[in-house]
Amino acid sequence: MTLKICLTVVITLLVVAIIAVFFTGNFFYNLAINPNASKKMIFSNDGLSHHELTKEEEWLEKESKFEEVFTTSFDNLKLHGYQVLNKDTHKWAVTVHGYMADAFSLSTKALHYYNIGYNVLAMDLRGHGKSKGNYIGMGYHDAKDLIKWIEYIISKDEEAEILIHGVSMGAATVMIASSLDELPKNVKVIIEDCGYTTALEQFKFQLKKLFNMPSFPILNIANLAVKIKAGYFLNEASPIEAVQKAKVPIMFIHGDGDKFVPFYMLDDLYNTCTSEKKKLVIEGASHAHAEDENPDKYWGEIDEFVNRYM
């Protein structure tokens, strides 16, 4: 084989490799991180279930006299939320929803806190609901946005005592926020419900589940695509690293029937956390349905934990 033929073969293989990398990265980015692309492939598996909203769950959207509020993200996006105020209280609850959901999806959480006398702020994460943004933050940039919402509350109420309650990706968000230097001391306690250890580990799990494929080299390529398009690496969205440096007490909740964010991640997170903590397992609960499965145990344990610090 002549040198010219060898060079042609090498160049052809290189071009094919570059095209394969581009399409692999782009496919994964649209599948997982682009909020405007279809998520049917993800949501069609048995890890997630959906149901008709009950009257209680519609409270935030249809029955309460909420106020739409706004703040600006660290990178100058317009962020949207709903605020429902009680009278004569400095207690606040911030609810943080999950992947491809919105503030209304946590209406039952908002209603519970409102009923026990809290002011409530239900935030739409970037790229979700009415908040601006063209990518999903997987908790990393969302945690910085959460700080902006907390600063918004303090600007309205300097004496605010704040709890933050996140579910799924929202749980990752509140855990990452727990270690940030910018976290105001007004935040007294954190509730995380079915959060993952890292975004990278979560995608490894889903890649195996959806496609029965190993993470290498697909996630290595995808990680670079996310960095280029969204400005962060998936391994930077790391709640398990954050809770090693948590500044506030954290309650860890998970259903042992969770097939979307694997149940073993609960112990990994709980055992790593260095702040005051509590663990709650809801038997039989699927992903993000711990409250539905056993509301009395769910709220009884949460209220007992929160009341230690609020």
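Residues numbered from 1 in each chain as written. Predicted model: local features only at pLDDT ≥ 70, side-chain atom pairs only at ≥ 80, totals over all residues. Heavy atoms only, no water.

Chemist: Would you explain the side chain of Thr173 in this entry?
Modeler: Among the secondary structure elements, Thr173 is positioned in helix α6 (residues 169-177). The contact partners of Thr173, leaving out residues within four places of it in the chain, are Val96, Leu125, Gly139, Asp142, Ala143 and Leu146. (Helix = DSSP H or I, 4+ residues; strand = E, 2+ residues; numbered from the N terminus. Contact = heavy atoms within 4.5 Å.)

Chemist: Would you mind going over the sheet that holds strand β6 (residues 187-193) with me for this structure?
Modeler: The strands making up a sheet associate through hydrogen bonds between their backbones, and the pairing can be parallel or antiparallel. Pairing is mixed in the open sheet, where eight strands are placed in the order β1-β2-β4-β3-β5-β6-β7-β8. Each end of this open sheet is capped by a strand with a single partner; those strands are β1 (67-72) and β8 (277-282). Taken pair by pair, the neighbouring strands of this sheet meet at an average axis angle of 20°, ignoring direction. Direction of pairing for strand β7 (residues 250-255) relative to β8: parallel, over a ladder of six bridges. Paired with Met251 across the bridge in β8 is Lys278. The strands touched by α6 are β3 (91-96), β5 (161-167), β6 and β7; relative to β5, the strand with the most contacts, the crossing angle is about 140°. (Pairing = 2+ DSSP bridges. Axes fitted to C-alpha atoms, helices over the stretch in contact; angles between N-to-C directions.)

Chemist: Help me understand the nonpolar core in this model?
Modeler: Nonpolar side chains in soluble globular proteins generally cluster together in the buried interior. Counting residues in hydrophobic clusters, the biggest one holds 64 residues, and the most contacted among them are Ile33, Met138 and Ile162. With nine residues, the top contributor of residues to this core is helix α5 (residues 140-156). Apart from residues lying up to four places away in sequence, Ile33 is in contact with Phe28, Tyr99, Tyr135, Ile136, Met138, Phe203, Val226, Ala230, Tyr232 and Leu234. In terms of nonpolar packing, the next biggest core, distinct from the first, is built from 21 residues, Ile191, Met251, Ala290 and Met310 among them. (Core = buried A, V, L, I, M, F, W, Y, C linked by side-chain atoms within 4.5 Å. Buried < 20%, exposed > 50% of the residue type's maximum accessible area, 1.4 Å probe, protein only.)

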